[in-house]
Amino acid sequence: LAAHEGIRSLTEACDELMGPGPSPRRTIAVTFDDGTADFVDHAVPILARHGVPATLYLATRFADEGIDFPGGGPAVSWAGLRDACSTGLIDIGSHTHSHVLLDRLPAAEIGEELDRSIQLIEDHLGLTPRHFAYPKAVLGSPAAEAELRSRFATAAVAGTRPNPPRTTDLHRLARSPIQVSDGMRWFRKKADGGLRLEDQLRQQVNRRRYADATT
């Protein structure tokens, strides 16, 4: 990625994606979800060493209350996030406050959930989040989508496909999830915009897996 001429911050990538002029060539933006401690302990030093910008979509409740994520992942601290942002390479987006699935949250609670996340990021990091990612890449209700569009410049889902220049809905950005098991072969295919079928299968599995979940 460091050698790729199209590596950009998410804000820069979206500006290029929707801007005038020739279509950008394979612009890539790196993103992370949730906000576990290994992001600042392991990912940020590697990103800084190679000069690769990235956006962390933060579920603020876990950092704010110092509680582990489901599955036992310890949360990042606000101090760790401030250090990460001081590199000039890390931007913080919202991943809701409680990592709640927005397709099943009552409409009256959606605004409060989003605003709590925004306020905590502003209070602790001194920045207003412009970008959002749906927890577990599950799209929200129409009410949730309307609330998101009024607060954020972009919202990310899944897709494992490229985002076409000037026709992409920035509030339904496709992303390509990377797994350790991919190895370099499949990582390169995903970076090239391939493996859309894998994502479709993952979404079908997740619909069943998270059918009764709320977060």
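Each remark here, short or long, concerns the structure printed above.
To start, this report covers the structure provided alongside it. Quick caveat: nothing in here was measured; it's all calculated off a predicted structure. (Residues numbered from 1 in each chain as written. Predicted model: local features only at pLDDT ≥ 70, side-chain atom pairs only at ≥ 80, totals over all residues. Heavy atoms only, no water.)

Looking along a regular strand, one sees side chains alternate from face to face of the sheet. Across five bridges, the pairing between strand β1 (residues 30-34) and strand β2 (residues 54-58) is parallel. In the strand pairing of β2, Phe32 is matched with Leu56. (Pairing = 2+ DSSP bridges. Helix = DSSP H or I, 4+ residues; strand = E, 2+ residues; numbered from the N terminus.)

Our next topic: the pairing of β2. Among the five residues that make up β2, five are buried, leaving the element largely enclosed by the rest of the structure. Chirality of the crossover, the property in question, places the unit of β1, helix α2 (residues 38-50) and β2 among those that are right-handed. As judged from the five bridges shared by β2 and strand β3 (residues 90-94), these two strands associate in the parallel manner. Note on β3: the bridge partner recorded for Leu56 is Ile92. (Buried < 20%, exposed > 50% of the residue type's maximum accessible area, 1.4 Å probe, protein only. Right-handed = clockwise from strand over helix to strand, strands pointing away.)

Quick look at the nonpolar core now. Counting 24 residues, the largest nonpolar core has Phe39, Val40, Leu58, Trp78, Leu81, Ile90 and Ile92 as its most contacted members. Taken together, the elements giving at least two residues each to this core come down to α2, β2, α4 (78-85), β3 and α5 (107-125). Ranked by the residues each element gives to this core, the list is headed by α2, at five residues. (Core = buried A, V, L, I, M, F, W, Y, C linked by side-chain atoms within 4.5 Å.)

So, on to the pattern of salt bridges. Under the criterion given, the structure shown has 10 salt bridges. Here Arg149 makes a salt bridge to Asp169, at a shortest N to O gap of 2.6 Å. Remark: Asp169 occurs in the loop between β5 (154-159) and β6 (173-175) and Arg149 occurs in helix α6 (residues 142-151); sequence separation between them is 20 residues. Where salt bridges share partners, they join Glu145, Arg149, Asp169 and Arg172 into one cluster. (Salt bridge = Lys/Arg side-chain N within 4 Å of Asp/Glu carboxyl O.)

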